[in-house]
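Take a look at the letters that make up each chain.
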Amino acid sequence: MAEPIAQSGETDFDAIILGAGAAGLMCAALAGQRGKRVLLVDHAPEPGRKILISGGGRCNFTNIHTAPDRYLSENPHFARSALSRYTAQDFLALVERHGIAWHEKTLGQLFCDGSARQIVAMLVDECARGAVDLRCDASIGEVSHADGLFRIALREGSFRAPALVIATGGPSIPKMGATGFAYDLARQFGLKVVQPRPALVPLKLPPGEALFRELSGVSTPVIARCGEGRFSEAALFTHRGLSGPAILQVSSYWHRGEDVGIDFVPDRESGWLLAAKRARPRAALRRVLEDALPGRLAEALSQRLAVEGDLGSQSDKALAAAEQRLRDWRFTPDGSEGFAKAEVTAGGIDTRGLSSKTMEAVKVPGLYAIGEAVDVTGWLGGYNFQWAWASGFAAAQAL
Ligand code: FDA
């Protein structure tokens, strides 16, 4: 591989990639292996820190059900091209080439058997194979563009290249070194940014929902709905509101002021309470709910439904109304736990200004944006890493 060329106090590369997270590492490795001289820069002390903490330390690195409709964006078809050219199977093949043992957990989610460290080590190894110049602990100073070259200032000098890739992710989990740097840079070059907001994040309930705070720690399978989002997974009550996979999923669809609807009895057939009245007329509602739900939740819901006495003494209409409420219990969150707890950021660099094939800015040749920095947000379950790999791949082919 050719050495970077130093000229007039500046070091030349074919591409400079900012951010050594999932997308940046992937893009750098592939571009390097295509013979490009790549500089990969990160301010964190080590690459891939979010990979290391992902999936409870086992990294849910992809999802075999990856499809464009599992991503949110103001430009819904944007992700289609990149996702079709680098698939979950492609990433799995890479994982297997590195001898990393894996398993499918649930809903198509693939995890390492061992540790997320193996995924970072694999990507760093792929970067080394591409002779990528990886610099961590780097503080990025001014970024400029003139005469077809991008220039970045680091402590150790100035670097330039005809291509610059923004891969610095979104601001979720700032304590991990996450920043909104990608948006500042995008705006500097005239790109638009779709308002970023926390996604895959627990939701908070107002004081009026205090009864449910007593349920902190209770988890139950539900169907949660918000906007176009509908997810059949577990919900968890917390001391501040709602969490668990079903809630994290709908949080990406939630906007302030909107309701979240929860079906607490997704496995019961329609008309189940009326059938219970016929079969067990002497039973109290709470007893019947206890067959379907954790005890504390059954008690809290039956208190709120205010159905007094045994089922046999209730009108069919009252029981049908109670069942309807159980199938679409409305919560109005008063906020989310914010970027501090959000697994990803929804919104970001507006994809209407990027090529869906190459991730290059339409109006700024040579400027690319990939990964979470752009307005493409996946469901929970390995979809966000798959977008990082696929968008990194797409840009790497064009550099
Ligand atoms: P990423 O955030 O990975 O990388 C950006 C890089 O840019 C970082 O290394 C950062 O240090 C660097 N950077 C930022 N600002 C900078 C600056 N100003 N100067 C220099 N460098 C800068 N997804 C999934 O599919 N499966 C999973 O199991 C999980 N699990 C998970 C758990 C937790 C706790 C979180 C927070 C997130 C997940 N995710 C996930 C989401 C996943 O981690 C995320 O979508 C990808 O890491 C995004 O990859 P990027 O490379 O775009 O950003």
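Residues numbered from 1 in each chain as written. Predicted model: local features only at pLDDT ≥ 70, side-chain atom pairs only at ≥ 80, totals over all residues. Heavy atoms only, no water.

- The protein goes by Aminoacetone oxidase family FAD-binding enzyme in an unreviewed UniProt entry, where it is assigned to Novosphingobium fluoreni.

Focus: the pairing of strand β10 (residues 143–146)
Logical step 1: Two strands pair when backbone bridges link them, and β10 and strand β11 (residues 149–154) are joined in this way by four bridges, in the antiparallel orientation. Looking across to β11, one finds that Ser144 is bridged to Arg151.
Logical step 2: Here β10 folds back onto β11 in antiparallel fashion, the turn holding two residues, of which Asp147 has a positive phi close to 55°. (Pairing = 2+ DSSP bridges. Helix = DSSP H or I, 4+ residues; strand = E, 2+ residues; numbered from the N terminus.)

Here's the deal with the layout of surface pockets
To find leftover empty space, one rolls a probe the size of a water molecule over the atoms.
Logical step 1: Space inside the second largest pocket adds up to approximately 470 Å³.
Logical step 2: At the level of elements, β6 (71–72), β14 (193–199) and β22 (344–349) are the ones that each hand at least two residues to the lining of the second largest pocket.
Logical step 3: Counting residues per element, the lining of the second largest pocket draws most heavily on β14, which supplies three residues.
Logical step 4: A breakdown of the residues in the lining of the second largest pocket according to their chemical character gives eight nonpolar, eight polar and seven charged.
Logical step 5: Residues from two domains meet in the lining of the second largest pocket; each of domain 1 (10–197 + 342–398) and domain 2 (203–336) gives at least three. (1 Å grid on protein atoms, 1.4 Å probe; cavity = no way out; pocket = protein on both sides within 12 Å on 5 of 7 lines; lining within 4 Å. Points joined across faces, edges and corners; volume = space filled by probe spheres on them. Nonpolar A, V, L, I, M, F, W, Y, C, P; charged D, E, K, R; others polar. Domains from an automatic or database assignment.)

Focus on unusual backbone geometry
Logical step 1: Here Leu107, not a glycine, exhibits a phi torsion of approximately 50°, which is positive.
Logical step 2: The class of Leu107 is partly exposed, set by a relative accessible area of 45%.
Logical step 3: Although it is not a glycine, Asp137 sits at a positive phi angle of roughly 55°.
Logical step 4: Counting through the fold element by element, Asp137 comes out in the loop between β9 (133–135) and β10. (Buried < 20%, exposed > 50% of the residue type's maximum accessible area, 1.4 Å probe, protein only.)

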